[in-house]
Amino acid sequence: MNVKKIAAAGIAAACLVSVAACGGNNGGSAESNNKAGITYPEIKLGETDKDLKAEITFFNGRTDMGLADYPGKNWESYMKDFNAMYPNIKVKVQTDSNYADSALTRLQANNDSWDVMMIPAVDRSEFSNYFVSYGKTEDMDKEIKLANEKAYDGQTYGIATDGQTSGIVYNARVFEEAGIKELPKTPEEFQADLKLIKEKTKAIPLYTNFAEDWAMGAWDAYIGGNATGDPKFMNQVMPHDKTPFAKDDKAPDTHPYAVYKTLYDAVANGCTEEDYSTTDWESSKGKINNGEIATMVLGAWAVPQMKQAGDHPDDVQYMPFPITIDGKQYATLAGNYSMGINKNSDADRQKAAMIFVKWMTEKSGYAKNEGGIPIVKDDDSYPDTYEHFKDVELIVDDPAKEGEEDLFADINSDSELGINNGNGKKIQDIVVDAANKTKTIDQIMGEWDQKWGAAVESES
């Protein structure tokens, strides 16, 4: 499996509904969970515990990086580099192609079978039930970007492997063949470009990856900063808005409505694959590389994989999502999977794990190698992927207000919409309704608003 920003549906739902469902009653305070006696900011790489001997297990979903012929830097190479600095800390890498479900299963087991894992879909309030705090969030904010993203009650429990924005992967050669000279900045311009591609090339204008639930769910990532330019929207505005999916009459090409309408219109206009039920994720990488596909709506993490999938890496490029607010485009900076440390590991393994995570963050080069934005606080460099984002303002979602840390998650669960939580089924339904003309986008968004509004009402 290649890395995907996904969350499990079945077991995740059970874990989110009840703390006990995933062994949550066995949790502890941030202080009691940290047996290592050291925090992330206190570690000085190459100096702290230089002679520490330990063997730790790093569990993640990058099965592709476990292969010797992985076209990028593989896990074996990273571990050799780490051992050059810490020769006595052995890191055993375990990967799983069904990572999102498997990670939650391991959390449910509540044992020490892993030391570092990519944090799956876990409610913020449950972080201390499973993970060690890296330190106070106010201190971590001086060390890393996105310190609040996996934080609760003033403690940070996860550190993102890299920062990501949500845009559109596209084939620049196909755009040129279609006569497109400027990248689209509005939904109307994007639809016009898709029609040009359909008329003037043989490429599929927009490939939905319909068969992949996670790829459909990826559309949710665009409804916050990308569509509103407001860092407060997701965690402070949306949980109190009973109709967040309604069209904004003053700015109809913005907000969540415009994001989902972009997909609906592309399908309704015949600018997607002929038979959405036959899409295939793995083969789509080579198809966008060779020009059979023009665009795919995915995070920046996908770009390196598309570039490595064929003989035309330079044709694969990345553009901002085509929404403009008051003359400016925005993109939300969010973390890819975040690394968490097992509260059940013994003191030496916790310390070794924290050293390893800091090395991954500061010294490994992983973020830029995988097309991501470095997480180190004072590293302002960007990979070449973001060439077309020079005039785009990157924003980070503000955290929820004090006392409302779980409000969005509760409403999201109660409404059963699963925004940014792996529910691609609702997006698949948009494709089906658009293709069959069974519902308008206004009808679909109205139904979502009814569900969301009822959940907001029940939580107020």
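Residues numbered from 1 in each chain as written. Predicted model: local features only at pLDDT ≥ 70, side-chain atom pairs only at ≥ 80, totals over all residues. Heavy atoms only, no water.

A. Examining the sheet that holds strand E11 (residues 293–299) more closely. The four strands are arranged E10-E11-E9-E12 in an open sheet whose pairing can be described as mixed. With one partner strand each, in any of the chains shown, strand E10 (204–206) and strand E12 (316–320) form the two edges of the open sheet. Averaged over neighbouring strand pairs, the angle between their axes works out to 30 degrees when direction is ignored. The sheet contacts of helix H8 (residues 187–200) involve strand E9 (166–171), E10, E11 and E12, and relative to E10 the element is tilted by about 170 degrees. (Pairing = 2+ DSSP bridges. Helix = DSSP H or I, 4+ residues; strand = E, 2+ residues; numbered from the N terminus. Axes fitted to C-alpha atoms, helices over the stretch in contact; angles between N-to-C directions. Contact = heavy atoms within 4.5 Å.)

B. Just the pattern of salt bridges, in detail. Inspection of the entire model under this criterion finds 18 salt bridges. For Lys 80, the salt bridge identified is with Glu 76, shortest N-O distance 3.8 Å. Separated by four residues within a single helix, Lys 80 and Glu 76 lie in helix H3 (residues 75–85), roughly one turn from each other. The partner of Asp 398 in a salt bridge is Lys 232, with the nearest N and O atoms 3.4 Å apart. In this pair, Asp 398 is assigned in the loop between strand E16 (393–395) and helix H17 (407–415) and Lys 232 in the loop between helix H10 (225–228) and helix H11 (233–237), connecting sequence segments 166 residues apart. Residue classification places Lys 232 among the partly exposed residues on the basis of a relative accessible area of 39%. Where salt bridges share partners, they join Arg 62, Asp 64 and Glu 370 into one cluster. (Salt bridge = Lys/Arg side-chain N within 4 Å of Asp/Glu carboxyl O. Buried < 20%, exposed > 50% of the residue type's maximum accessible area, 1.4 Å probe, protein only.)

C. Quick peek at the domain arrangement of the protein. Segmentation of the protein into domains returns domain 1 (40–164 + 336–394) and domain 2 (165–333). Between domain 1 and domain 2, the C-alpha centre-to-centre distance is 29 Å. With 21 residues of domain 1 at the interface, the matching set in domain 2 holds 21 residues. At the junction of domain 1 and domain 2, the tally comes to zero salt bridges. Counting every contact that joins domain 1 to domain 2 gives seven residue pairs in polar contact (both at pLDDT 80 or more). Going through the elements one at a time, strand E8 (163–164) and E16 are the ones with two or more residues in the side of domain 1 that touches domain 2. When grouped by side-chain class, the residues that make up the side of domain 1 that touches domain 2 number eight nonpolar, seven polar and six charged. (Domains from an automatic or database assignment. Polar contact = N/O pair within 3.5 Å; in protein donor to acceptor, adjacent residues only side chain to side chain. Nonpolar A, V, L, I, M, F, W, Y, C, P; charged D, E, K, R; others polar.)

D. Geometry of the pairing of strand E1 (residues 54–60). Burial runs high along E1: six of the seven residues are buried. Relative to strand E2 (residues 89–95), E1 runs parallel, the two sharing seven bridges. The residue of E2 that forms the bridge with Phe 58 is Val 93. Taken together, E1, H3 and E2 form a β-α-β motif whose crossover is right-handed. (Right-handed = clockwise from strand over helix to strand, strands pointing away.)

E. Highlighting the nonpolar core. Residues Ile 89, Phe 131, Tyr 134, Val 169, Leu 298, Met 306 and Phe 356 are the most contacted members of the largest nonpolar core, which totals 77 residues. Here this core gets eight residues from one element, more than from any other, and that element is helix H15 (residues 347–362). In this structure, this core is formed jointly by two domains, domain 1 (40–164 + 336–394) and domain 2 (165–333), each of which donates at least three residues. If we skip the residues at most four places from it in the chain, Phe 356 touches Ile 56, Phe 58, Met 79, Phe 82, Val 91 and Val 116. Grouped together as the second largest cluster of nonpolar side chains are 55 residues, Val 297, Ile 411, Ile 430 and Ala 455 included. (Core = buried A, V, L, I, M, F, W, Y, C linked by side-chain atoms within 4.5 Å.)

F. Here's a closer look at the packing of aromatic side chains. Counted by the stated rule, this structure contains 32 aromatic pairs. Aromatic pair Phe 245 and Tyr 260: ring centres 6.4 Å apart, planes at 50 degrees, arrangement tilted. Linking Phe 245 in the loop between H11 and helix H12 (255–268) with Tyr 260 in helix H12, this pair joins segments that are 15 residues apart in sequence. An aromatic cluster of at least three residues, connected via ring pairs, comprises Phe 58, Trp 75, Tyr 78, Phe 82, Tyr 86, Phe 356, Trp 359 and Tyr 366. Lying across the ring of Trp 448, Lys 426 places its NZ or CZ 6.0 Å from the centre. (Phe/Tyr/Trp six-rings, centres within 6.5 Å; stacked < 30°, edge-to-face > 60°. Lys NZ or Arg CZ within 6 Å of the ring centre and 35° of its normal.)

G. Broad picture of the sheet that holds strand E6 (residues 155–156). Spatially, the three strands line up as an open sheet ordered E4-E6-E5, and their pairing is antiparallel. Strand pairing shows two members of the sheet lacking a second neighbour, strand E4 (135–136) and strand E5 (151–152), which therefore form its edges. Pairing of E5 with E6 involves two bridges; the strand directions are antiparallel. The residue of E6 that forms the bridge with Tyr 152 is Gln 155.

H. Local environment of helix H19 (residues 441–459). With 19 residues, H19 extends 27 Å between its outermost C-alpha atoms, agreeing within 8% with the 27 Å of an ideal straight helix rising 1.5 Å per residue. Listed as buried for H19 are Ile 441, Ile 444, Met 445, Trp 448, Asp 449, Trp 452, Gly 453, Ala 455 and Val 456. With its buried residues spanning 160 degrees around the axis, H19 presents them on a single face. Every exposed residue of H19 that faces more than 90 degrees away from the buried side is listed here: Gln 450 and Ser 458. Packed against the buried residues of H19 are H12, H17 and helix H18 (425–436). (Expected span 1.5 Å × (residues − 1). Arc of directions from axis to C-beta.)

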